Amino acid sequence: MPSSRTGRPPVQRAARRPVVPRSPRENPLRTLHTRARRSWDRPLTAYYVILGGSALITVLGLVMVYSASQITALQMSLPGSYFFRKQLLAAVIGTVLLLVASRMPVKLHRALAYPILAGAVFLMALVQVPGIGVAVNGNQNWIALGGSFQIQPSEFGKLALVLWGADLLARKQEKRLLAQWKHMLVPLVPATFMLLGLIMLGGDMGTAIILTAILFGLLWLAGAPTRLFVGVLSVAALIGAVLIRTSPNRMARLACLGATEPQSGPVDCWQAVHGIYALASGGIFGSGLGASVEKWGQLPEAHTDFIFAVTGEELGLVGTLSVLALFAALGYAGIRVAGRTEDPFVRYAAGGVTTWITAQAVINVGAVLGLLPIAGVPLPLFSYGGSALLPTMFAIGLLIAFTREDPAARMALAMRQPRFGRKRGGGSQRPRRWNTMRRRAPVARSSGER
């Protein structure tokens, strides 16, 4: 062994290990975003979001209706569960309508557009007949069905406008007539103004605003030019300003924006201010379910138009944000359905339903928060009222039916394996014929034309 200059044996050094390049650490936020995007891009995501979100909103609404309506029922010498039982009955009927609508083919929905429109117009005109129409809170928009049951036909006018408007625009698009402004406006805008006139005869401007929002949503989806869109919007805004200016009640509601005291000058802002009081006293987690103070006669319409305020008082910021998140998910799923279809009727109808539910939720929540005037519209699927719940649940069934019509979603539903009929040892067993959901993959086709 050769020695070094000092006479000592050389030190043997260990061989260097090859340097392995380290992979860059993945950003956890980016990874989470990628996984969420992949999950959202699955064919059945919108189907489950719409079904699950609407079910959660309805169930939570039933709980809050029971909590918010007990005091009102007792003050009217009625059982504490009176309003809850009526809402539960409406929810059961609405669930049947939802299931029926979700199983109906798109062609049948198109075929029902004109009968539903004719029936809604007839009932809305029947409201103005003396002895048949009933006035509630100064608005004559109700028909008595006997006993304590009433129906508000204008709520079904929303569904009628969505179906009829979608069918009309789809037929014109198939004939390539939407490039002409007269075909885009006529007869859609005149028919909508007819519905608005029937509603305004009873004084219900809140429902008229929702129908106007549906009209603008349909025109936007149809690709209306900016000048045409702005023109129709200007006419609607002018008419709305005249209606507000000529009504002391509507001017008083407008004057209550930003009010912090129940008596702010000559205008009584009791309802608006006590809605803010209910939200403010709830805090982060609320005072507890059933522990609201404002519902003891302080807050008018606690179980209908201002049920969101009672929710904030009892469930706190967490509860209100959960409700808003459910509505946001429902609206986003509706936009997904409208944006991914090639059927023009499905696109217009899904966009109309999404505009309807989203606009009504924004107007209701904005009024409770004091950001918008009180319009007297219920929170969809949440507030008390069978006349509003039934057509809304049918509209949710429409969205579910449209998601099922997507070729990828239809394939995924057909290929789902049943949970029963499998071997315990890990092997697969051919399911029984009555237990399987397997179907032949159908060929995607248009919904047809009337």
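Residues numbered from 1 in each chain as written. Predicted model: local features only at pLDDT ≥ 70, side-chain atom pairs only at ≥ 80, totals over all residues. Heavy atoms only, no water.

1. Points about the nonpolar core
Move 1: Residues L188, L219, I396 and F402 are the most contacted members of the largest nonpolar core, which totals 108 residues.
Move 2: Ranked by residues supplied to this core, first place goes to helix α14 (residues 344-368) with 13 residues.
Move 3: With near-sequence residues (within four places) excluded, I396 lies in contact with I50, S54, L98, L330, I357 and L381. (Core = buried A, V, L, I, M, F, W, Y, C linked by side-chain atoms within 4.5 Å. Buried < 20%, exposed > 50% of the residue type's maximum accessible area, 1.4 Å probe, protein only. Helix = DSSP H or I, 4+ residues; strand = E, 2+ residues; numbered from the N terminus. Contact = heavy atoms within 4.5 Å.)

2. Section: the pattern of salt bridges
Any two side chains of opposite charge can pair if their charged atoms end up close together.
Move 1: Overall, the coordinates contain five salt bridges when judged by the stated rule.
Move 2: Two residues, R110 and E174, come together in a salt bridge whose shortest N-O distance is 3.7 Å. Here the residue R110 occupies a position in helix α4 (residues 106-111), and E174 occupies one in helix α6 (residues 153-174), the gap between them amounting to 64 residues.
Move 3: One salt bridge connects K295 with E314, and the closest N-O pair in it is separated by 3.2 Å. Taken together, the positions of K295 in the loop between α12 (270-282) and α13 (307-339) and E314 in helix α13 put the pair 19 residues apart, joining distant regions of the chain. With respect to burial, K295 and E314 carry one shared label: buried.
Move 4: Among the charged side chains, a network of salt bridges with common partners joins R110, D167, R171 and E174. (Salt bridge = Lys/Arg side-chain N within 4 Å of Asp/Glu carboxyl O.)

3. Observations regarding the confidence of the model for the chain
Move 1: Here the chain averages 86 in pLDDT, while 86% of its residues score no lower than 70.
Move 2: Element-level mean pLDDT values for the chain span from 60 in strand β4 (residues 263-264) up to 97 in α14.
Move 3: For residues 420-450, every residue scores under 50 in pLDDT, and the model assigns this stretch 43 contacts once sequence neighbours within four places are set aside. (pLDDT = per-residue confidence, 0-100.)

4. Description of the packing of α6 against helix α9 (residues 205-221)
Move 1: Contact pair α6 / α9: the axes reach a minimum separation of 10 Å and the direction vectors enclose 15 degrees. Between α6 and α9, the interaxial angle falls into the category roughly parallel. For the crossing formed where α6 meets α9, the hand is right-handed. Contacts between α6 and α9 involve S154, E155, K158, L161, V162, G165 and L169 from the former and T207, I210, L211, I214, L215 and L218 from the latter.
Move 2: When grouped by side-chain class, the residues that make up the contact of α6 with α9 number eight nonpolar, three polar and two charged. (Axes fitted to C-alpha atoms, helices over the stretch in contact; angles between N-to-C directions. Parallel < 35°, antiparallel > 145°, perpendicular 65-115°, else oblique. Left-handed = near helix turned anticlockwise from the far one by under 90°. Nonpolar A, V, L, I, M, F, W, Y, C, P; charged D, E, K, R; others polar.)

5. Topic: the state of the cysteines
Move 1: Taken as a whole, this structure holds one disulfide when the rule is applied.
Move 2: Covalently, C256 is tied to C269 through a disulfide, its sulfur atoms 2.1 Å apart. Residues C256 and C269 share a disulfide whose torsion about the S-S bond is about -90 degrees; that sign makes it left-handed. Here C256, found in the loop between α11 (248-255) and β4, pairs with C269, found in the loop between β5 (267-268) and α12; they are 13 residues apart in sequence, far enough to count as distant.
Move 3: Accessibility expressed as a relative area gives 11% for C256, which makes it buried. (Disulfide = S-S within 2.5 Å.)

6. Concerning the sheet that holds strand β3 (residues 149-151)
Move 1: The strand order β1-β2-β3 describes an open sheet built from three strands, whose pairing is antiparallel. Of all the strands in the sheet, the pair left with one neighbour each is β1 (133-136) and β3. Taking the axes of each pair of neighbouring strands and ignoring which way they run, one obtains an average angle of 50 degrees across the sheet.
Move 2: Of the strand pairs in this sheet, β1 and strand β2 (residues 139-146) are connected by four bridges, and their pairing is antiparallel. The residue bridging V134 from the neighbouring strand is W142, located in β2. (Pairing = 2+ DSSP bridges.)

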